[in-house]
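Structural overview for review
The lines below spell out each chain.
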Amino acid sequence: MVAKRKWILVLLIVILAGCSSTRIVSEVQLIHSLGLDLEDQKIKGAAITHIYGKEKTQVELLETKSSNLFTILPDFNAITPSQVELGQLRSVIVGRKYAENGVETLVHTLCRDPAIGSRLQLAVAEPKALTILKGMRHIICKFLFSSPIASLKISKR
């Protein structure tokens, strides 16, 4: 009876060990900053991602339009060669029009996602979040409002 329990225990350990999900950093794109704007009753999403290589890291700006908030991430996955992850999300910037319509759904979604850390910063941009993300693309810093970003002047185009 004891031998049978040991075999069952070994079998369960082997089965459960094979069910873990692994994500290798060089095989996924980690979103560091996310921007959301409202254009023509659609949500325009933009994200700054880093592509980690052997020699250097590339910064890429992704853009997509969607009818609702929940399809933004799948749309990013459709336009990138590797899977997009929110594990390094540090800042979310929303445009003024988006913020005026309410950010309750966005905040609830961000709070309930266990992959997103507790040090996330939420900001409202005037007029658009995409303008700020285009300026941030060339600056690598840990947080959005660190000293290099605070002194950055972005020209309107």
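With that settled, consider the overall build of the protein. Helix and strand counts for the protein stand at six helices and six strands. Put simply, the protein runs from its N terminus to its C terminus through helices and strands in the order α-β-β-β-α-β-β-α-α-β-α-α. The buried share among the 157 residues of the protein stands at 32%. Restricting to contacts in the protein with at least 6 residues of sequence separation, those with at least 24 account for 58%. As displayed, the protein has an accessible area near 10700 Å², and 57% of this comes from carbon and sulfur atoms.

Turning our attention to the pairing of strand E3 (residues 57–66). Sheet topology places strand E2 (residues 42–52) next to E3; ten bridges connect them, and they run antiparallel. Following the sheet pairing, Thr-49 is matched in E3 by Glu-60. A loop of four residues connects E2 with E3, the two strands running antiparallel in sequence.

For the rest of this paragraph, the subject is the pattern of salt bridges. Tallying each qualifying case throughout the model produces five salt bridges. Where Lys-44 meets Glu-63, a salt bridge forms, and the shortest distance between an N and an O atom there is 3.5 Å. Of the two residues, Lys-44 is situated in strand E2 and Glu-63 in strand E3; the sequence distance between them amounts to 19 residues. A cluster of three or more residues bridged by salt bridges with shared partners is formed by Glu-39, Lys-65 and Lys-128.

This part covers the nonpolar core. By size, the foremost hydrophobic cluster in this structure holds 19 residues, and its most contacted members are Phe-76, Leu-89, Tyr-98 and Leu-106. Those elements that place two or more of their residues in this core are strand E1 (28–39), E2, helix H2 (72–79), strand E5 (91–95) and helix H4 (104–112). Broken down by element, the residue count for this core peaks at four residues, all from E1. Formed by nine residues, the second largest nonpolar core is a distinct cluster that contains Ala-46, Leu-61, Ile-93 and Ala-125.

Attention now moves to the side chain of Thr-64. Looking at the secondary structure, you find Thr-64 in strand E3. A residue is classified by how much of its surface remains accessible, and Thr-64, at 13% relative accessible area, is buried. Filtering out sequence-adjacent residues up to four positions away, Thr-64 remains in contact with Ile-43, Lys-44, Gly-45, Ile-72, Asp-75 and Phe-76.

Another aspect to go through is the environment of His-32. One can find His-32 in strand E1. Once the C-alpha coordinates of His-32 and Gln-88 are considered, the two residues, 56 residues apart in sequence, prove to be 5.3 Å apart. Apart from residues lying up to four places away in sequence, His-32 is in contact with Ile-48, His-50, Tyr-52, Gln-88, Leu-89, Arg-90 and Ser-91.

Turning our attention to the confidence of the model for the protein. Residue-level pLDDT values for the protein average 81, and 82% of them are 70 or greater. Ranking the elements of the protein by mean pLDDT puts helix H6 (residues 147–150) last, at 43, and E5 first, at 94. Taken as a whole, residues 142–153 scores under 50 in pLDDT and shows 20 contacts with residues more than four places along the chain or in a different chain.

Among the five residues of E5, five are classified as buried, and the element is accordingly described as predominantly covered. With burial as the criterion, each face of E5 is covered, one bearing Ser-91, Ile-93 and Gly-95 and the other bearing Val-92 and Val-94. Sheet topology note: the E1/E5 ladder contains four bridges and is parallel. Bridging across to E5, Gly-35 finds its partner in Ile-93. Relative to strand E6 (residues 121–125), E5 runs parallel, the two being bridged by five bridges. Along E6, the bridge assignment pairs Val-92 with Leu-122.

Cut-offs used in this document
- Residue positions are given per chain, counting from 1 as you read along its sequence in written order.
- Reporting of local features is limited, given that this is a predicted model, to residues whose pLDDT is at least 70; pairs of side-chain atoms are given and counted only at 80 or more, and all residues count toward the totals for whole chains, interfaces and linings.
- The basis for every side-chain value is the complete set of heavy atoms in the structure, and neither hydrogens nor water enter the calculation.
- Under the DSSP-based scheme used, a helix requires at least four consecutive residues in state H or I and a strand at least two consecutive residues in state E, with every element numbered from the N terminus.
- Classification of residues uses two cut-offs on accessible area relative to the type maximum, computed with a 1.4 Å probe and protein chains only: under 20% is buried, over 50% is exposed, and between them is partly exposed.
- Between two residues, a contact is recorded if the distance between any of their heavy atoms is within 4.5 Å.
- Exposure was quantified through the Shrake-Rupley algorithm and a 1.4 Å probe, taking into account, for residues, occlusion by the shown protein chains and nothing else.
- When DSSP finds at least two bridges between two strands, those strands are taken to pair.
- A side-chain nitrogen of Lys or Arg and a carboxyl oxygen of Asp or Glu constitute a salt bridge if their distance falls within 4 Å.
- We define a nonpolar core as any set of buried Ala, Val, Leu, Ile, Met, Phe, Trp, Tyr and Cys residues linked to one another through side-chain atoms lying within 4.5 Å.
- As a per-residue measure, pLDDT tells how confident the predictor is, with possible values from 0 to 100.

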